[in-house]
Amino acid sequence: SAIHRRVVTAYQNSVYSPSDANFERVDRKVKYYPFYVTRVDNCPSVLVETGFLTNIVEGNVLANPAYQHIIGNAIAYGIMDYFS
């Protein structure tokens, strides 16, 4: 949840503007699925989906190093939020 909040905020602050029809749809909520990577008992883990390559806006964002930095920082700050 901590990582999710940070990633959604990063997208809403740097990718979509409040006037954009997709602004509210950025938050697709936290979902829990039994993926192997999140079931390993040895350590905590999360699987972060940072966007869809088939979405032209998000695909361009994911290809842009500046936005990669923003999203990467959001994930890092989310991890720090979790531990604090």
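A. The arrangement of helix H4 (residues 65-83) in detail. With 19 residues, H4 should reach 27 Å at 1.5 Å per residue; the first-to-last C-alpha distance of 27 Å fits that figure. Three or more residues of H4 are buried, namely Ile71, Ala74 and Gly78. Taken down its axis, H4 places every buried residue within 50° of arc, on the same side. Every exposed residue of H4 that faces more than 90 degrees away from the buried side is listed here: Pro65, His69 and Phe83. Against helix H1 (2-14) lie the buried residues of H4.

B. Main features of the nonpolar core. Core analysis: the biggest nonpolar cluster contains eight residues, these being Ile3, Val7, Ala10, Tyr11, Val15, Val61, Ile71 and Ala74. At four residues, H1 tops the list of elements feeding residues into this core.

C. Broad picture of the pattern of salt bridges. Taken as a whole, this structure holds one salt bridge when the rule is applied. A salt bridge links Asp81 to Arg6, with the nearest nitrogen and oxygen atoms 2.6 Å apart. Here the residue Asp81 occupies a position in helix H4, and Arg6 occupies one in helix H1, the gap between them amounting to 75 residues.

D. Seen up close, the confidence of the model for the protein. The predicted model of the protein has a mean per-residue pLDDT of 81, with 85% of residues at 70 or higher. The secondary-structure element of the protein with the lowest mean pLDDT is helix H2 (residues 36-39), recorded at 73, while H4 shows the highest, at 94.

E. Main features of a nonpolar patch on the surface. A cluster of nonpolar side chains, Tyr33, Phe35, Val37 and Leu47, forms an exposed patch at the surface whose accessible area comes to about 410 Å². On the secondary structure map, Phe35 appears in the loop between H1 and H2.

F. Structural detail: the packing of helix H3 (residues 56-63) against H4. Where H3 meets H4, the closest approach of the two axes is 5 Å, and the angle between their N-to-C directions is 90°. Judged on the interaxial angle alone, H4 and H3 are roughly perpendicular. Mapping the contact onto sequence places Val61, Leu62 and Ala63 in H3 and Pro65, Tyr67 and Gln68 in H4. By residue class, the composition of the contact of H3 with H4 is five nonpolar, one polar and no charged.

Rules used in this analysis
- Residues numbered from 1 in each chain as written.
- Predicted model: local features only at pLDDT ≥ 70, side-chain atom pairs only at ≥ 80, totals over all residues.
- Heavy atoms only, no water.
- Helix = DSSP H or I, 4+ residues; strand = E, 2+ residues; numbered from the N terminus.
- Expected span 1.5 Å × (residues − 1).
- Buried < 20%, exposed > 50% of the residue type's maximum accessible area, 1.4 Å probe, protein only.
- Arc of directions from axis to C-beta.
- Contact = heavy atoms within 4.5 Å.
- Core = buried A, V, L, I, M, F, W, Y, C linked by side-chain atoms within 4.5 Å.
- Salt bridge = Lys/Arg side-chain N within 4 Å of Asp/Glu carboxyl O.
- pLDDT = per-residue confidence, 0-100.
- Patch = residues over 30% accessible without salt bridge, like charges linked within 9 Å, V, L, I, M, F, W, Y side chains within 5 Å.
- Areas by Shrake-Rupley, 256 points an atom, 1.4 Å probe, with all protein chains shown as cover.
- Axes fitted to C-alpha atoms, helices over the stretch in contact; angles between N-to-C directions.
- Parallel < 35°, antiparallel > 145°, perpendicular 65-115°, else oblique.
- Nonpolar A, V, L, I, M, F, W, Y, C, P; charged D, E, K, R; others polar.

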